[in-house]
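Commentary on secondary and tertiary structure
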Amino acid sequence: PGLMLRTLLRGPRGIPTTVNKKRYAMNVVVSGKTIAIAADEVTASGERIPLTNFEAWPLETKKEDEAERLDKFESLLESRLLADNERQSILQEAKQILKILRDQPQSEALQVLVNKIENIKIRDAAELRG
């Protein structure tokens, strides 16, 4: 799932062919009972460029607060040049990340995220402090 970027490659016998590559990727930082989510644009060469700032969520957020934070994240996405379906796809992945991290023990949830969401980058906040 997610939107794809078509990359022109040379197939058998030098015939041009296209390969679908995901155009964005999720970036997650975990710090105890808080997570931060951002979206990165992924170039055809695989380079990641920040698309949004991080939006932080306590894992034990009330439904109303979560909706407010998701609206804020959606506003970040709306400020970027994205098609509506791309924006909605990124927002759905953010919701999926939150749900998985809430519904399962953290060590299991992180493995599920790695297996379920293509090109996700997950880091512990301690890694960032160096």
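Presented here is an overview of the structure given in this document. As the structure is a computational prediction, the values presented were derived from the model and not from experiment.

Over the atoms rolls a probe the size of a water molecule, and in doing so it shows where empty space is left. This model, assessed by the stated rule, comprises one cavity of 30 Å³ or more. In terms of lining residues, the largest cavity is bounded by Arg 23, Tyr 24, Glu 41, Leu 51, Leu 82, Glu 86 and Ile 90.

Under the criterion given, the structure shown has seven salt bridges. The partner of Glu 41 in a salt bridge is Arg 23, and the shortest N-O contact between them spans 3.9 Å. Taken together, the positions of Glu 41 in strand 4 (residues 34-42) and Arg 23 in the loop between strand 2 (16-22) and strand 3 (24-31) put the pair 18 residues apart, joining distant regions of the chain. A salt bridge links Asp 40 to Arg 48; its shortest N-O distance comes to 3.0 Å. The exposure class of Asp 40 is buried, given its relative accessible area of 5%. One continuous salt-bridge network, built from bridges that share partners, spans Arg 23, Glu 41 and Glu 86.

Here Glu 66 shows up in helix 1 (residues 63-78). The class of Glu 66 is buried, set by a relative accessible area of 17%. With 32 residues separating them in the primary sequence, Glu 66 and Leu 98 have C-alpha atoms 9.5 Å apart. Sequence-distant contacts of Glu 66, that is, excluding residues within four places in its chain, are made with Trp 57, Thr 61, Leu 98 and Arg 102. A polar contact is formed between the side chain of Glu 66 and the side chain of Arg 102, at a distance of 2.4 Å.

By the criterion of burial, strand 4 is predominantly enclosed, with seven of the nine residues buried. In this structure, strand 3 lies alongside strand 4, joined through eight bridges in antiparallel fashion. When the bridges of strand 4 are listed, Met 26 appears paired with Ala 39. Here strand 3 folds back onto strand 4, and the loop between the two strands holds two residues, one of which, Gly 32, carries a positive phi near 60°. With four bridges joining them, strand 4 and strand 6 (residues 55-58) adopt antiparallel strand pairing. From the neighbouring strand, Thr 34 faces strand 6, where its bridge partner is Pro 58. Of the strand pairs in this sheet, strand 4 and strand 5 (residues 48-50) are connected by three bridges, and their pairing is antiparallel. Paired with Glu 41 across the bridge in strand 5 is Ile 49. The hairpin turn running from strand 4 into strand 5, its antiparallel successor, is five residues long, and Gly 46 in that turn takes a positive phi close to 95°.

What counts, and where the lines are drawn
- Residues numbered from 1 in each chain as written.
- Predicted model: local features only at pLDDT ≥ 70, side-chain atom pairs only at ≥ 80, totals over all residues.
- Heavy atoms only, no water.
- 1 Å grid on protein atoms, 1.4 Å probe; cavity = no way out; pocket = protein on both sides within 12 Å on 5 of 7 lines; lining within 4 Å.
- Points joined across faces, edges and corners; volume = space filled by probe spheres on them.
- Salt bridge = Lys/Arg side-chain N within 4 Å of Asp/Glu carboxyl O.
- Helix = DSSP H or I, 4+ residues; strand = E, 2+ residues; numbered from the N terminus.
- Buried < 20%, exposed > 50% of the residue type's maximum accessible area, 1.4 Å probe, protein only.
- Contact = heavy atoms within 4.5 Å.
- Polar contact = N/O pair within 3.5 Å; in protein donor to acceptor, adjacent residues only side chain to side chain.
- Pairing = 2+ DSSP bridges.

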